[in-house]
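Residues per chain, in single letters:
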Amino acid sequence: MGEEYGRRSGGQSRFSQWLRTRRPKDTGDGGREALLVSAAEAGLPLSPAAHPAGYRCSCDRIGCPTPARHPVSFAWQTQSTTDKAQIERWARHQPEANFITATGMVHDVLDVPLDAGRAALARLLDAEVAVGPVAESGDGRMLFFTATRGTPEDEDEWWPCELDCHPETMDEHPGLRWHCRGSYVLVPPARLPGDLGVEWVRGLEHPLPDPLTLLETLTDECARVAGDSPDPAEAWPSRR
């Protein structure tokens, strides 16, 4: 787990080539359990989630809007745990289950379109910014795991994670989702309908950064991918 993502020594062109040629690792059942336990040991609270049933969701809901992406229990926030023994029991008794990690407790997740995330990651690594764990989802998203924002004194500072961004700056941050308190994301390894998945591209050995150190670059790239900004390559030439 956690191969180094996009080393700077080869420059951005080699980084792009690496992205095109990378293949998911075969984790197998033993690898799945080990990755889940590692996530729990890193402090990520986990809870069982639905899984693919063909091209549908394993839940009983007809036309499930988030197939294989949601918890199986309505009590997922209180059920989520880092207890190793419980994670192992769940993994062994529910061998097909995905797992979610509850955000806003230990960590937040900045969730962006895949193209924006890859470009932002290259920029951040090139600028030697400390980037934490990063996952890719086969449905076209990239997840940047960060430290949580904590519990602010002013509750008005919180906003629903379903919004793409803070409501006052929505037009400036297209496609960005900030998962904080009350939200969750799938934790790798996870399977999605259509033979897709969620996997780590930077592992949990990387410390969780302050989300604000990543936010500007991520929002810049989200805007560029959405067609609102020019390519910033000229403004940040790759150091070689």
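Criteria and thresholds
Residues numbered from 1 in each chain as written. Predicted model: local features only at pLDDT ≥ 70, side-chain atom pairs only at ≥ 80, totals over all residues. Heavy atoms only, no water. Helix = DSSP H or I, 4+ residues; strand = E, 2+ residues; numbered from the N terminus. Buried < 20%, exposed > 50% of the residue type's maximum accessible area, 1.4 Å probe, protein only. Areas by Shrake-Rupley, 256 points an atom, 1.4 Å probe, with all protein chains shown as cover. Contact = heavy atoms within 4.5 Å. Salt bridge = Lys/Arg side-chain N within 4 Å of Asp/Glu carboxyl O. Pairing = 2+ DSSP bridges. Axes fitted to C-alpha atoms, helices over the stretch in contact; angles between N-to-C directions. Parallel < 35°, antiparallel > 145°, perpendicular 65-115°, else oblique. Left-handed = near helix turned anticlockwise from the far one by under 90°. Phe/Tyr/Trp six-rings, centres within 6.5 Å; stacked < 30°, edge-to-face > 60°. pLDDT = per-residue confidence, 0-100.

Across its full length, the chain holds 6 helices and 11 strands. Per-residue burial over the chain gives 49% buried out of 240 residues. Summed over its atoms, the accessible surface of the chain is roughly 12,400 Å², and 48% of this surface lies on carbon and sulfur atoms.

Checked against the element boundaries, Val 185 lands in strand E9 (residues 184-186). For Val 185 and Phe 99, which are 86 residues apart along the polypeptide, the C-alpha to C-alpha distance reads 8.6 Å. Other than its neighbours up to four places away in sequence, Val 185 contacts Phe 99, Ile 100, Thr 101, Val 109, Leu 143, Phe 145 and His 179.

The subject of this paragraph is the pattern of salt bridges. Any two side chains of opposite charge can pair if their charged atoms end up close together. This structure, assessed with the given rule, holds 8 salt bridges. A salt bridge links Asp 139 to Arg 69, with the shortest nitrogen-to-oxygen separation between them at 3.1 Å. One end of the pair, Asp 139, is in the loop between strand E6 (134-137) and strand E7 (141-147); the other, Arg 69, is in the loop between strand E3 (56-57) and helix H3 (76-79), and 70 residues separate them in sequence. Of the residues examined, Asp 139 reaches a relative accessible area of 36% and is grouped as partly exposed. Here Glu 221 ties to Arg 123 by a salt bridge, and the two come within 3.2 Å at their closest N and O atoms. Here Arg 123 lies in helix H5 (residues 114-126) and Glu 221 lies in helix H6 (residues 212-225), a separation of 98 residues in the sequence. Summarising the burial analysis for this pair, Glu 221 and Arg 123 share the class buried. Salt bridges linked by common partners bring Arg 123, Asp 220, Glu 221 and Arg 224 together as one network.

With that settled, the discussion passes to unusual backbone geometry. Residue Pro 189 is reached from Pro 188 by a cis peptide bond, and omega for that bond is -5°. A positive phi angle, near 65°, is found at Ala 68, a position not held by glycine. Tracing the sequence through the fold places Ala 68 in the loop between E3 and H3. The phi angle at Glu 128 is positive, at roughly 60°, despite the residue not being glycine. With respect to the helices, strands and loops of the structure, Glu 128 is situated in the loop between H5 and E6.

The next thing to look at is the pairing of strand E5 (residues 107-113). Of all 7 residues that make up E5, 7 are buried, and the element is covered over most of its length. With 7 bridges joining them, E5 and E7 adopt antiparallel strand pairing. Bridge assignment links Pro 113 to a residue of E7, and that residue is Arg 141. In this structure, E5 lies alongside strand E8 (residues 177-179), joined through 3 bridges in antiparallel fashion. Across the sheet, the residue bridging to Asp 111 is Arg 177, located in E8.

Here we take up the packing of H5 against H6. At a minimum axis separation of 8 Å, H5 and H6 run at an interaxial angle of 135°. Looking at the two axes, H5 sits oblique to H6. The chirality of how H5 crosses H6 is right-handed. Contact residues: H5 offers Asp 115, Ala 116, Ala 119, Ala 120, Arg 123 and Leu 124, while H6 offers Thr 213, Leu 214, Thr 217, Leu 218, Asp 220, Glu 221, Cys 222, Arg 224 and Val 225.

Centre-to-centre distance and the angle between the planes together describe a pair of aromatic rings. Counted by the stated rule, this structure contains 3 aromatic pairs. Ring centres of Trp 90 and Phe 99 lie 6.3 Å apart, and the angle between their planes is 45°; on these two criteria the pair is classed as tilted. Taken individually, Trp 90 and Phe 99 each receive the classification buried, so the pair is uniform in this respect.

What follows concerns the confidence of the model for the chain. For residues with low pLDDT, the predicted coordinates do not support detailed interpretation. Looking at the chain as a whole, the pLDDT averages 80, with 72% of positions reaching at least 70. Low pLDDT (under 50) marks residues 162-170, which in the prediction has 13 contacts with non-local residues, meaning those over four places away or in another chain. pLDDT under 50 marks residues 233-240. Its contacts with residues more than four places away, or in other chains, come to 12 contacts.

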